[in-house]
Amino acid sequence: MTSNVGYTPADKGILIVLSGPSGVGKGTVCKALRSCTSDIVYSVSATTRAPRQGETDGVNYFFKTREQFRQMIEQDQMLEWAEYVGNYYGTPRKFVEDTLNTGKDIILEIEVQGALKVKQKFPEGVFIFLLPPSLPELESRIVGRGTESEETIRNRMSVAVDEIAMMEHYDYAIVNDQVDLACSRIRSILTAEHYRKDRMVSKIQHWMAEVKK
Ligand code: 5GP
């Protein structure tokens, strides 16, 4: 339930969306956030893309066939989903809702189309865009990862340019020049977001009622 001021009541967690072009280091930044704070829950997405070396089902993604993915959509199990460079990616809805209802913050690491769908459903969410220091630096990070074919790298770079143009729909933009710095910038944003007046008003409403008399 959303309050009449448009923010999540304080006893609900904050929904955080982290987007940014492929290769910008969203996964690494999330991992760093995870290691320095236990306050944020991570949403594990479903995807039809094949697992990369070292990825585990249920940890990095829930790896699905196209048929299984379609079923999840039909059964309204997805908060959002999008097609990205030939594969489907989506956020399982129930886990996100249950986490927010228990008062915990949750972070979704998703691409831009999906983020915009989430924004329609959760306008009170916090939308953060992660930028590379430059485009050549982004390309060298994708190449350096060594997991993509030349064609996929070209596709991802062209999608990256379109994605960066969508940054205007986000609340914050952070440059990932150094992982620890990017991580502490995100933590600062979240600290400030927790003290937004409208979130506080709902937290202290039991005695604020007296003030209004
Ligand atoms: P990758 O294949 O590199 O793991 O992910 C490709 C893109 O899909 C990344 O930008 C990643 O953030 C995005 N992505 C991952 N999970 C989801 C999801 O659940 N929904 C959407 N819309 N994008 C996702």
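In this report, the structure presented in the accompanying data block is examined.

Thresholds applied
Residues numbered from 1 in each chain as written. Predicted model: local features only at pLDDT ≥ 70, side-chain atom pairs only at ≥ 80, totals over all residues. Heavy atoms only, no water. Pairing = 2+ DSSP bridges. Helix = DSSP H or I, 4+ residues; strand = E, 2+ residues; numbered from the N terminus. Axes fitted to C-alpha atoms, helices over the stretch in contact; angles between N-to-C directions. Contact = heavy atoms within 4.5 Å. Near = heavy atom within 4 Å. Polar contact = N/O pair within 3.5 Å; in protein donor to acceptor, adjacent residues only side chain to side chain. Areas by Shrake-Rupley, 256 points an atom, 1.4 Å probe, with all protein chains shown as cover. Buried < 20%, exposed > 50% of the residue type's maximum accessible area, 1.4 Å probe, protein only. Phe/Tyr/Trp six-rings, centres within 6.5 Å; stacked < 30°, edge-to-face > 60°. Salt bridge = Lys/Arg side-chain N within 4 Å of Asp/Glu carboxyl O. Arc of directions from axis to C-beta.

### Re the sheet that holds strand β2 (residues 40-42)
Line of reasoning, step 1. Overall, parallel pairing links the five strands, which are arranged β2-β7-β1-β8-β9 in an open sheet. The open sheet terminates on both sides in strands that have one partner only, identified here as β2 and β9 (172-175). Averaged over all adjacent pairs, the angle separating strand axes in this sheet is 25°, with direction ignored.
Line of reasoning, step 2. Where β2 meets strand β7 (residues 105-109), three bridges bridge the pair, whose relative direction is parallel. For Val 41, the partnering residue across the bridge sits in β7 and is Ile 106.
Line of reasoning, step 3. Helix α3 (residues 93-101) contacts β1 (15-19), β2 and β7 of the sheet and is inclined by roughly 150° relative to β7.

### Details of the site of the ligand
Line of reasoning, step 1. Near the ligand you find 16 residues, and of these Ser 45, Arg 49, Tyr 61, Tyr 89 and Glu 111 are the closest.
Line of reasoning, step 2. Within the side chain of Arg 49, one N or O atom sits 2.6 Å away from an oxygen atom of the ligand.
Line of reasoning, step 3. Here an oxygen atom of the ligand and a backbone polar atom of Gly 90 are 3.0 Å apart.
Line of reasoning, step 4. Considered on its own, the ligand offers 510 Å² of accessible surface; in the complex 96% of this is hidden by protein.

### Some words on the pairing of β7
Line of reasoning, step 1. Buried residues dominate β7, accounting for four of its five residues.
Line of reasoning, step 2. Pairing geometry for β1 and β7, over four bridges, is parallel. Across the sheet, the residue bridging to Leu 18 is Glu 109, located in β7.

### Brief notes about the packing of aromatic side chains
Line of reasoning, step 1. For the structure on display, the rule yields eight aromatic pairs.
Line of reasoning, step 2. Each ring, one from Tyr 84 and one from Tyr 89, has its centre 5.9 Å from the other, and the planes form 85°; the classification is edge-to-face. Each of the two residues, Tyr 84 as well as Tyr 89, counts as buried.
Line of reasoning, step 3. Between Phe 129 and Tyr 170, the aromatic rings sit 5.1 Å apart at their centres with planes inclined by 70°, giving edge-to-face as the arrangement.

### A look at the sheet that holds strand β6 (residues 87-92)
Line of reasoning, step 1. Spatial ordering of the open sheet is given by β4-β3-β6-β5, a layout of four strands whose pairing is mixed. Where the open sheet ends on each side, the last strands, each with one partner, are β4 (62-63) and β5 (78-84).

### So, the pattern of salt bridges
Line of reasoning, step 1. Tallied over the full model, the rule gives twelve salt bridges.
Line of reasoning, step 2. Where Glu 55 meets Arg 49, a salt bridge forms, and the shortest distance between an N and an O atom there is 2.9 Å. Like Arg 49, Glu 55 is buried.
Line of reasoning, step 3. In this structure, Lys 94 and Asp 98 form a salt bridge, with 2.7 Å as the shortest nitrogen-oxygen distance.

### Observations concerning helix α1 (residues 26-36)
Line of reasoning, step 1. Of the residues making up α1, those classed as buried are Lys 26, Val 29, Cys 30, Ala 32 and Leu 33. One face of α1 carries all of its buried residues, which in axial projection span an arc of 160°. In this structure, α1 carries Lys 31, Arg 34 and Ser 35 as exposed residues pointing more than 90 degrees from its buried face.
Line of reasoning, step 2. Of the surrounding secondary structure, the elements contacted by the buried residues of α1 are β1, β2, β7, β8 (126-131) and α7 (179-194).

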